[in-house]
Amino acid sequence: MRREEREKNRRGVGPLKIQLPAPLFFGRLTLELYVILEPRSPIVLGVTLGKHNSEAAVRVPIKTDGEGAMIDRQSIRFGVSCLLALVLASLSGCGGGGGSGPGSGQTTAPGPVIGSAADYWVDDPNAVWLFDGLDNAKTFGSKTYRNRITVGTPVNLAGRSLVPFLDTLPFNDPTAVGPQYRSLDGDGIRSFLEDVPTSVAQSYIELPTQIRQGSYVAHQQTEVLPGGSETLQIVVDVIGFETLTLPAGVFTNALSVQHQFNYSEYDQFGQLVGAATVTLHFWYAKGIGLVKVAIDDPNASPSTNTQVEELAGVILPSVSVKAGVVGELVLLDNMASGNSTLTTGRPGVASDGNGYLVAARKYDGTTAQIVATYLDGDGRSVWSQAVIDQSGVTPLVGSFEEPVSVTFDGTNFWIAAKSSAQNGQTDILRQRVSPSGVLADSNSGVLVANGFWPVLATNGNSVLLVYARFEGTPVNGWILYSVLYDANGSVVRAEQSIAALDSALESAAIAVNGGQYLVTYATGMPYAQDLRAVRIDSAGTVVDATPIAVSTAAASQNSCTVAPWGANDFVSVWADARQYGFQNADVVGARISGSGVLLDGPPTTGGVVLHRLGEQRDGTASATGARGTLIAWTSGSFANPSLTSAPTGIFGRIFSPGSSFAVSDPTVPGTLIGLVTEHDTSVQLRAPAASANGSGHLVVWVYNSNGSLAKSIRGSLIFPAYASP
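Residues numbered from 1 in each chain as written. Predicted model: local features only at pLDDT ≥ 70, side-chain atom pairs only at ≥ 80, totals over all residues. Heavy atoms only, no water.

### A few points about the overall build of the protein chain
Counting secondary structure elements, the protein chain contains three helices and 52 strands. Looking at the protein chain as a whole, 54% of its 725 residues are labelled buried. Once local pairs closer than 6 in sequence are excluded, the contacts in the protein chain between residues at least 24 apart make up 52%. Accessible surface, the protein chain as shown: approximately 29400 Å² in total, 52% of it carbon and sulfur. (Helix = DSSP H or I, 4+ residues; strand = E, 2+ residues; numbered from the N terminus. Buried < 20%, exposed > 50% of the residue type's maximum accessible area, 1.4 Å probe, protein only. Contact = heavy atoms within 4.5 Å. Areas by Shrake-Rupley, 256 points an atom, 1.4 Å probe, with all protein chains shown as cover.)

Have a look at this one:
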């Protein structure tokens, strides 16, 4: 007879539960012990405590021989001792093997009620939280990182609605991306310990329904392993309130709570052989949820034992909260192969006062297109589609890298771009598209003229398109041209020359204010470009026969942008290499009055330094809205940055309406808008562009991957800092 058959005959086919006699009574709780015998399985000792019918099972090893099995008495003694420990913990409110209810397990005398868990619970399905992280241990290679949290679709477990909170980079760990399940029930905010919850027992009360100062044991669980056991105990300590100043704003009366995770390891005789404690410190704000998390690992060295995540920005549409920087959003994906040498050109962005249209050039190996996406004011994509389609056309590298320009005339967005056709032509194409995605022109665009680097702007009644072209004999040089349209796309003023260029056009920008346009442009020999400007009135007439010298300082001034300033003036911003002579550059700006006067001159030595680290190399962006003028730039090394000092990415400053145009210390980094971390292998953040609506700004850029990840257009929304009500 086979051993398995002997076991069945001797012990029965299924598990046998033996209730131990004489249940014990502790006040209103009943304690029952039992043993489960199951074929070819360890003996299980169990405990049921009170009405909750919670169980704590300790598996006891069995010694086997050729004929059967016998119980190791030492293991039984150890199992019983573990059970007794769990019972005592349960009587103190540990709820052996599961979470405890509020008020039980109190390890310090409870104080008065200071709040409700519901005040700090937010499960808005459209909510977004962005956290700036600092990992002193550089556990996964990067010191600075960002973690964006969104809300997933709830699931049901034992009658409870469990809400998954989705992290993009939790605690700087790219291998741990996944949901953290939490719920709000009659006991408070419950946090689940499993990646995929299977039991309420595998959870603990993060915040009780009625919040009181003091500490309590929220969870205790013992698991018997071959040769010993492990115990996890979670102690929650409600500390009180404090004021936090975070990247997202100032939070008064932030609730401070500590969670202490105590890990203990025992040998088979119940002797402690190892222990570790990790403390998580949480701060909550009413109506916002978590705003700061800190991890303290006393087992690590002092220089690497802390990790902090602070709220950088938040969007809560259900309560109309928008604050700080919310981003690292993927707006347009798969713009080009990651391992290709092509770099998608500068994206264009404009607002209709509510949402934003973002457009950029795409080449997937067979099709060249200008694609666009419309975002609502919270950064959610409403639609995405091709707006200028050149199917089957292989782009020239140069045309692929040039910018796409976007403006809004009150009815339609206008888009201008150089053709991608590899036919020796340099055609400028334009398109109009409504906020709902309806094209007003042919899907292949409308041919404007032969030219390079198109930029456009509107004053609400007309649209001015500017571009450059090389002219042969007798000119033999570069000319800057303009064409003026009405809102219907009809030409109001045909192509005209607005300026003769010193050499090839390096960059150009356009803005409108006080009824007139200002075009800024950088031109000259490589590493020796100068910046100039020309005003054009609403009828398309050139105001400045002699261009305004904005910056003619030593070395190069390029990568220009321009935005309205005040009621009638403008602010021009550029990359300035006068301090370095080659490659590296500062970010410098100067205001130009509506009457054409350089307000921050002289052009040979003037300008206001906005960022001085000698790292800016790849573009500036600016936009003015009701919240002020935002100026953004790229900073730091591009690929595989060493983040031991300042991080690499997109930075910016906002000048509120009526403020002075000055920076007290330009060596202090501005607001972090987009970040490169060492998780982003071989990535560059390039070519930022910006726009504004009534509540904030949007900055977009090229996420230029040279690895396996496809190139994309990403962005961040920037809102005013949060101020507690």
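There is more to say, and it comes next.
### Here we look at the packing of aromatic side chains
By convention here, two paired aromatic rings are described through the distance between centres and the angle between planes. Under the definition given, this model contains 16 aromatic pairs. An angle of 55° between the planes, with centres 5.3 Å apart, marks the rings of Phe-655 and Phe-661 as tilted. For the pair Phe-655 and Phe-661, one class covers both residues: buried. Chaining the aromatic ring pairs together yields one cluster made of Tyr-374, Trp-383, Phe-408 and Phe-413. Across from the ring centre of Phe-165, 5.0 Å away, lies the NZ or CZ of Arg-182, which sits over that ring. Between the NZ or CZ atom of Arg-432 and the centre of the ring of Trp-414, over which it lies, the distance is 5.9 Å. (Phe/Tyr/Trp six-rings, centres within 6.5 Å; stacked < 30°, edge-to-face > 60°. Lys NZ or Arg CZ within 6 Å of the ring centre and 35° of its normal.)

### A look at the nonpolar core
Core analysis: the biggest nonpolar cluster contains 46 residues, and Trp-129, Leu-207, Phe-251, Ile-288, Val-291 and Leu-311 have the highest contact counts within it. When residues in this core are grouped by element, the largest group, six residues, is from strand S19 (residues 228-246). (Core = buried A, V, L, I, M, F, W, Y, C linked by side-chain atoms within 4.5 Å.)

### Quick look at the pattern of salt bridges
The tally for this structure, following the rule as stated, stands at 19 salt bridges. Between Arg-469 and Glu-471 there is a salt bridge, with the nearest N and O atoms lying 2.9 Å from each other. Of the two residues examined, Arg-469 and Glu-471, each falls in the buried class. Here Glu-495 and Arg-469 are joined by a salt bridge, their closest N and O atoms 2.8 Å apart. Taken as a pair, Glu-495 in strand S36 (residues 491-500) and Arg-469 in strand S34 (residues 462-471) lie far apart in primary sequence, 26 residues in all. Residue Glu-495 is classed as partly exposed on the basis of its relative accessible area of 34%. Connected via shared salt-bridge partners are Arg-160, Asp-185, Asp-187 and Arg-190. (Salt bridge = Lys/Arg side-chain N within 4 Å of Asp/Glu carboxyl O.)

### Remarks on the sheet that holds strand S29 (residues 405-408)
The antiparallel open sheet is built from four strands, whose spatial order is S29-S30-S31-S32. The open sheet is flanked by S29 and strand S32 (446-450), the only strands paired with a single partner. Direction aside, the axes of adjacent strands within the sheet are offset by 20° on average. Relative to strand S31 (residues 427-433), strand S30 (residues 413-418) runs antiparallel, the two being bridged by six bridges. Bridged to Ile-415 within S31 is Gln-431. (Pairing = 2+ DSSP bridges. Axes fitted to C-alpha atoms, helices over the stretch in contact; angles between N-to-C directions.)

### Comments concerning unusual backbone geometry
Note the cis peptide between Gly-601 and Pro-602, where omega equals 0°. Mapping Pro-602 onto the fold places it in the loop between strand S43 (586-592) and strand S44 (608-611). In this structure, Ser-320 is a non-glycine residue whose phi angle is positive, near 55°. One can find Ser-320 in the loop between strand S23 (306-316) and strand S24 (321-336). The class of Ser-320 is exposed, set by a relative accessible area of 67%.

### Focus: the sheet that holds strand S48 (residues 671-676)
The four strands lie next to each other as S45-S46-S47-S48, forming an open sheet whose pairing is antiparallel. Each edge of the sheet is formed by a strand with only one pairing partner; in this case those strands are strand S45 (620-625) and S48. Adjacent strand axes in the sheet meet at a mean angle of 15°, parallel and antiparallel pairs treated alike. In this structure, strand S47 (residues 648-655) lies alongside S48, joined through five bridges in antiparallel fashion. Within S48, the position partnered with Gly-652 by the bridge is Thr-671.

### Some details on the environment of Asp-132
Topologically, Asp-132 is positioned in strand S10 (residues 128-135). The exposure class assigned to Asp-132 is buried, which follows from its relative accessible area of 18%. Counting along the chain gives 180 residues from Asp-132 to Ala-312, while the straight-line C-alpha distance between them is 5.8 Å. Setting aside anything within four residues of it in sequence, one finds Asp-132 in contact with Tyr-145, Arg-146, Pro-247, Val-308, Glu-309, Glu-310, Ala-312 and Leu-672. One polar contact links Asp-132 to Arg-146, side chain to side chain, over a distance of 2.6 Å. (Polar contact = N/O pair within 3.5 Å; in protein donor to acceptor, adjacent residues only side chain to side chain.)

### With respect to the side chain of Gln-516
On the secondary structure map, Gln-516 appears in strand S38 (residues 516-523). Taking the relative accessible area as the measure of exposure, Gln-516 reaches 13% and is therefore buried. At 2.5 Å, the side chain of Gln-516 and the backbone oxygen of Gly-594 are in polar contact. Contacts of Gln-516, omitting those with residues within four sequence positions, involve Ala-511, Arg-535, Ile-536, Asp-537, Val-543, Phe-570 and Gly-594.

### A look at the pairing of strand S14 (residues 179-185)
Summarising the sheet, strand S13 (residues 160-167) and S14 pair through four bridges and their orientation is antiparallel. Note on S14: the bridge partner recorded for Pro-164 is Tyr-181. In this sheet, strand S15 (residues 188-192) lies alongside S14 in antiparallel orientation, the contact comprising four bridges. When the bridges of S15 are listed, Leu-184 appears paired with Ile-189.

### Notes on the environment of Ser-716
Its location among the elements puts Ser-716 in strand S51 (residues 711-718). Note on Ser-716: relative accessible area 0%, which makes it buried. Taking the C-alpha atoms as reference points, Ser-716 and Leu-331, 385 residues apart in sequence, are found 9.7 Å from one another. For Ser-716, the contacting residues outside a window of four places in its chain are Val-325, Val-326, Gly-327, Glu-328, Ile-673, His-697, Leu-698, Val-699 and Trp-701. Among the polar contacts listed, one links the side chain of Ser-716 to the backbone oxygen of Ile-673, at a separation of 2.8 Å.

### Here's the deal with the pairing of strand S25 (residues 348-351)
The side-chain alternation of S25 yields two buried faces, one formed by Gly-348 and Ala-350 and the other by Val-349 and Ser-351. Following S25, the chain reverses through four residues before pairing antiparallel with strand S26 (residues 356-363); Gly-353 in that reversal takes a positive phi of roughly 100°.

### A closer look at the environment of Tyr-527
Of note, Tyr-527 is situated in the loop between S38 and strand S39 (530-536). Judged by its relative accessible area of 51%, Tyr-527 is exposed. Separated by 27 residues in the primary sequence, Tyr-527 and Ala-554 place their C-alpha atoms 9.5 Å from one another.

### Thoughts on the confidence of the model for the protein chain
Residues at a pLDDT of 70 or more form 74% of the protein chain, whose mean pLDDT is 80. Low pLDDT, under 50, characterises residues 1-105; the stretch is placed with 194 contacts to residues that sit more than four places away or in other chains. Contacts from residues 638-645, a stretch scored under 50 in pLDDT, to residues over four places away or in other chains number 23 contacts. (pLDDT = per-residue confidence, 0-100.)

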